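This is what each chain is made of:
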Amino acid sequence: MTDFTFDAPRPMSHLDAPRPMSHLDAPTVIRVKRDGGVLPDEAIDWVIDAYTRGQVADEQMSALLMAIFLRGMTGPEIARWTAAMVASGQRFDFTDLRRGGRPLALVDKHSTGGVGDKITIPLVPVVMACGGAVPQAAGRGLGHTGGTLDKLEAIPGFTAELTKSQIRQQLSEIGAAIFAAGELAPADRKIYALRDVTATTESLPLIASSVMSKKIAEGARALVLDTKVGSGAFLPTEAEARELARTMVELGHAHGLVTRALLTDMSVPLGRAVGNAVEVVESLEVLAGGGPDDVVELTLALAAEMLDAAGIDGTDPAETLRDGTAMDCFRALVAAQGGDTTRLAADALPIGVHTDTVTAPRGGTMGDIDAMAVGLAVWRLGAGRSAPGEQVQFGAGLRIHRRPGEPVSAGEPLFTLYTDTPDRLGPARAELEGAWTVGDSAPPVRPLIIDRITATG
């Protein structure tokens, strides 16, 4: 494992290149990385800019992404790739904004992607209720993991396509905006869509640069990263996840962004709902003071980190769930972004009309549930994409009726699958085969929060 450290950013034209390239074109750049070479700075700058402007074709960038996936990148390459993606678009600056005569405490959170990971939906309102301001450039589903925007857009009328003036207004008036990156790191937007359909999602350099390019550009002053570990994570081993977290924390630190990370378990799905609308419903349960224990625990842990990173003290995130202020903030956020707040109920959000139920073959205790298999099953139900720009099914999803360690009776439901396309049920059910067990004893209990990582500089 390589430890990456990054100096403070210098003007891109003054960064040192490993070796100058006499001629820049897509095949040459691809060949260098294909053969295990280090991409010079000018090659990275050129290929990101040319792809953003349409001068490098999707199939050429796909080939380069696969070469990066297979060959990796050095720390300086990752830093340069990230800086080039930041430079491909505008960078927001909200430091002039005030509320109550005081500068906004601008802080954000990002998850590296998990199964059932709806944490952003209850977390942002909790931080709003505690006095934070959250400018969140969120993403859509990627591979087997769901996307915050796909989930929120299951709320009728909700839009993530916000202008900079709308984002500024929402930050000033209600304390948050969750938006599509738009003009922020447009290179990443194009590359992100390609990664989703070219099996190149599980790459440390591509994950780190994708996350941090948007977060550096979005205008937050502090950032907390939820870096997933386990079968449902893009990088399943703790060593890989730790390296990713450290890489992202150092990238943020180098760009003047207060950054820290939590390593959290993603061996089993978070909560009891996986999909789009079904995860919104579960998030509403958390905001109402209930919900699954693991979702509540992680929401409050990340809220505490965000508030600390933003310099906000004297508030209790848990109290905002008990007293309803977080729910009030969520309703205000949904209304500000065009969502119909009268539809924020389980029976008012879309759910797939075709269902299938997996039942227990015997009584006993629920064993582990493989998060990756559940994520792939939900993707097959229609909650994710198999082609760039494809519309997801908001009603596609899965409910988990028995979580690991819970008692099970023979014949009772374990999982319910939802889709609007009945021929998707068979392939989705096949993904679950062998992904769960019912035994005589409970599986070992793993801690949800594994470690905390801060900058070394």
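Before reading further, recall that the structure is shown in the block above.
Per-chain numbering applies: the sequence of each chain, read as written, is numbered from 1 onward. Whole-chain, interface and lining totals are the exception, using all residues; otherwise, since this is a predicted model, local features are given only for residues with pLDDT of at least 70 and side-chain atom pairs are given and counted only at 80 or more. No hydrogens and no water enter the side-chain calculation; it runs on all heavy atoms of the structure.

Caption draft 1: Structural view of the sheet that holds strand β13 (residues 413–419). Should DSSP find at least two bridges between two strands, the strands are taken to pair. A run of H or I in DSSP becomes a helix once it reaches four residues, and a run of E becomes a strand once it reaches two; helices and strands are each numbered from the N terminus. Spatial strand order, β8-β11-β13-β9: four strands in an open sheet with antiparallel pairing. Strands at the two margins of the open sheet, each flanked by one partner only, are β8 (273–275) and β9 (354–359). Neighbour-to-neighbour, the strand axes of this sheet turn through a mean angle of 15°, independent of strand direction. Sheet topology places β8 next to strand β11 (residues 397–400); three bridges connect them, and they run antiparallel. Paired with V274 across the strands is L398, a residue of β11. Any pair of residues with heavy atoms lying within 4.5 Å of one another is described as a contacting pair. For helices, the fitted line uses only the C-alpha atoms of the stretch in contact; every axis is such a line through C-alpha atoms, and the angle between N-to-C directions lies from 0 to 180 degrees. Along the sheet face, helix α11 (residues 277–287) touches β8 and β11 and points at about 140° away from the line of β8.

Caption draft 2: Geometry of the pairing of β11. By the bridge criterion, four bridges tie β11 to β13 in an arrangement that is antiparallel. Each residue of the ladder has a partner; that of R399, found in β13, is T416.

Caption draft 3: Inspection of the nonpolar core at higher detail. Residues belong to one nonpolar core when they are buried, are Ala, Val, Leu, Ile, Met, Phe, Trp, Tyr or Cys, and are joined through side-chain atoms within 4.5 Å. Relative accessibility under 20% of the residue-type maximum defines a buried residue, over 50% an exposed one, and the middle range a partly exposed one, all with a 1.4 Å probe and only protein chains included. Counting residues in hydrophobic clusters, the biggest one holds 76 residues, and the most contacted among them are I155, F330, F415, L417, L432 and W436. At eight residues, the largest contribution of residues to this core is made by helix α12 (residues 293–309). Among all residues touching I155, those that are not within four sequence positions of it are V280, F330, V334, G339, D340, L344 and L349.

Caption draft 4: Region of the structure containing the pairing of strand β10 (residues 364–369). In the sheet, β10 pairs with strand β12 (residues 407–408) via two bridges, with the strands oriented antiparallel. Looking at β12, one finds that T365 is bridged to P407. Bridge count for β10 against strand β14 (residues 436–439) is three bridges, and the pairing is antiparallel. Directly across from T365, in β14, lies its bridge partner G439.

Caption draft 5: Broad picture of the packing of aromatic side chains. Note on aromatic pairs: the rings of Phe, Tyr and Trp (six-membered ring only in Trp) are paired at centre separations within 6.5 Å, and the planes decide the class, stacked below 30 degrees, edge-to-face beyond 60, tilted for the rest. Evaluation of the coordinates by the stated rule reveals three aromatic pairs. Chaining the aromatic ring pairs together yields one cluster made of F92, F94 and F179. Lysine and arginine charges are scored as sitting over a ring when NZ or CZ, respectively, is within 6 Å of the ring centre and within 35 degrees of the ring normal. The ring of Y51 carries K190 above its face, with NZ or CZ at 4.2 Å from the centroid.

Caption draft 6: View of the pattern of salt bridges. Put simply, a salt bridge is a Lys or Arg side-chain nitrogen that is within 4 Å of an Asp or Glu carboxyl oxygen. According to the stated counting rule, one finds 32 salt bridges in the structure shown. Two residues, K118 and E282, come together in a salt bridge whose shortest N-O distance is 2.6 Å. Highlighted residues: K118 in the loop between β3 (107–111) and α5 (120–129) and E282 in helix α11, separated in sequence by 164 residues. Comparing K118 with E282 shows no difference in burial state: the two are buried. Residue E319 is joined to R322 by a salt bridge in which the shortest nitrogen-to-oxygen separation is 2.9 Å. With E319 and R322 both in helix α13 (residues 317–322) and three residues apart, the pair spans about one turn of that helix. A residue is classified by how much of its surface remains accessible, and E319, at 33% relative accessible area, is partly exposed.

Caption draft 7: Spotlight on the packing of α5 against α11. In the contact formed by α5 and α11, the axes pass within 8 Å of each other and the chain directions differ by 35°. Along its contact with α5, which presents I121, P122 and P125, the element α11 presents V280, S283, V286 and L287. For the contact of α5 with α11, the class distribution of residues is six nonpolar, one polar and no charged. Under the scheme applied here, ten amino acids are nonpolar (Ala, Val, Leu, Ile, Met, Phe, Trp, Tyr, Cys and Pro), four are charged (Asp, Glu, Lys and Arg), and all others, including Gly, are polar.

Caption draft 8: Representation of the sheet that holds strand β15 (residues 449–454) within the structure. Taken in spatial order, the four strands line up as β3-β6-β7-β15 in an open sheet, and their pairing is mixed. Lying at the two open borders of the sheet, with one neighbouring strand each, are β3 and β15. Adjacent strand axes in the sheet meet at a mean angle of 20°, parallel and antiparallel pairs treated alike. As defined by bridge partners, strand β6 (residues 222–229) adjoins strand β7 (residues 258–265) across eight bridges and the pair is classed as parallel. Of the residues in β7, the one forming a bridge with V224 is R260. Across the sheet, helix α10 (residues 238–254) touches β6, β7 and β15, and the angle it forms with β7 is around 165°.

Caption draft 9: Structural view of the environment of R99. Its place among the elements puts R99 in strand β1 (residues 98–99). Remark: the alpha-carbon pair of R99 and I174, spanning 75 residues in sequence, is separated by 9.5 Å. Once residues within four sequence positions are removed from consideration, R99 is found in contact with L104, G132, A133, L171, S172, I174 and G175. Whenever two N or O atoms come within 3.5 Å, that pair is a polar contact, provided that in protein one can donate a hydrogen and the other can accept it, and provided that, for residues adjacent in sequence, both atoms are side-chain atoms. In this structure the side chain of R99 is engaged in a polar contact, spanning 3.5 Å, whose partner is the backbone oxygen of S172.

Caption draft 10: Main features of the environment of S213. By secondary structure assignment, the location of S213 is in helix α9 (residues 204–217). The buried category is assigned to S213, whose relative accessible area is 0%. Not counting residues within four places of it along the chain, the set of residues in contact with S213 comprises T82, M85, V86, A185 and D188. Of note is the side chain of S213, whose polar atom sits 2.9 Å from the backbone oxygen of S209.

Caption draft 11: Here's a closer look at the side chain of T148. The residue T148 is located in helix α6 (residues 148–152) in this model. Residue contacts for T148: discarding those within four places in its chain leaves T120, Q136, A138, G139 and I178.

Caption draft 12: Seen up close, the packing of α5 against helix α14 (residues 325–336). Close contact between α5 and α14 brings their axes to 8 Å; oriented N to C, the two are set at 110°. By the criterion of interaxial angle, the relationship of α5 to α14 is roughly perpendicular. On the side of α5, the interface is formed by I121, V124, P125, V126, M128 and A129, while α14 contributes T325, A326, C329, F330 and L333. Its residues assigned to classes, the contact of α5 with α14 comprises ten nonpolar, one polar and no charged. Angles below 35 degrees are treated as roughly parallel, those above 145 as roughly antiparallel, those between 65 and 115 as roughly perpendicular, and all remaining angles as oblique.

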